[in-house]
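# Results of the structural survey
Read off the chains here:
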Amino acid sequence: MHRCSGFAVGFSLMVCASFVACGIGAYLWARALGTSRTAGLLAGTIYSVAPMRFGHYMHLEILWTQWIPLAFWACRRLVDVGDARGAAALGTFVTLQALSGLYAFIFLVTTIPVYLAAIVWFERWRPNRRTIAYVAL
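Below, the structure is looked at part by part. (Residues numbered from 1 in each chain as written. Predicted model: local features only at pLDDT ≥ 70, side-chain atom pairs only at ≥ 80, totals over all residues. Heavy atoms only, no water.)

The first and last C-alpha atoms of helix H6 (residues 84-100) sit 24 Å apart over 17 residues, in line with the 24 Å expected at 1.5 Å per residue. Residues of H6 that are buried: Gly86, Ala87, Ala89, Leu90, Phe93, Val94 and Gln97. Take H6 and look down its axis: the buried residues cluster within an arc of 160°, on one side only. Structural note: H6 exposes Arg85 and Leu99 on the side pointing more than 90 degrees away from its buried face. Buried-residue contacts for H6 involve helix H5 (67-80), helix H7 (102-123) and helix H8 (129-136). (Helix = DSSP H or I, 4+ residues; strand = E, 2+ residues; numbered from the N terminus. Expected span 1.5 Å × (residues − 1). Buried < 20%, exposed > 50% of the residue type's maximum accessible area, 1.4 Å probe, protein only. Arc of directions from axis to C-beta. Contact = heavy atoms within 4.5 Å.)

A few words now on the side chain of Gln66. Within the secondary structure layout, Gln66 lies in the loop between helix H4 (60-63) and H5. Setting aside residues up to four positions removed in sequence, Gln66 forms contacts with Ala21 and Cys22.

Across all of its chains, the model carries 3 salt bridges by this definition. Between Asp80 and Arg76 there is a salt bridge, and its shortest N-O distance comes to 3.1 Å. Of this pair, Asp80 and Arg76 both sit in helix H5, 4 residues apart, which is roughly one turn of that helix. Close ionic contact of Arg76 with Glu123 constitutes a salt bridge, the shortest N to O distance being 2.8 Å. One end of the pair, Arg76, is in helix H5; the other, Glu123, is in helix H7, and 47 residues separate them in sequence. For Glu123, a relative accessible area of 43% puts it in the partly exposed group. (Salt bridge = Lys/Arg side-chain N within 4 Å of Asp/Glu carboxyl O.)

Below, the structure is given as structure tokens:
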């Protein structure tokens with residue numbers, strides 16, 4: 001009889017949870033962009049089962065990237081609503097990504113300004129001083 005250690009069970013649960021969490025994060029971001037539920041489900045499915053993820057079962061820091069679409073979802077909320085909750089969510093998700101994996105964190109903090117600049121440029125978004133203060137915090 002084969003016995004699994006608690007570590008192996010916990011690790012396996014974390015791997016499985018990463019697929020679900022990534023799918024939920026991508027779904028929420030797609031919905032925030034105004035897509036249909038079907039498109040959101042498709043986005044979540046594609047992000048959660050991307051081929052790159054299957055080659056990295058042993059690297060939880062690569063699998064736990066659900067914070068990336070959630071950070072972009074928070075950016076979208078910040079743009080649409082401009083409240084402290086959106087800024088707090090953005091800070092929380094960026095921090096959680098830093099704690100989950102530094103490589104993805106570096107990618108995230110370099111793409112968020114590009115994402116916000118694209119919104120400023122293409123959507124003609126002009127943040128007010130309060131929103132800028134929230135982002136600065």
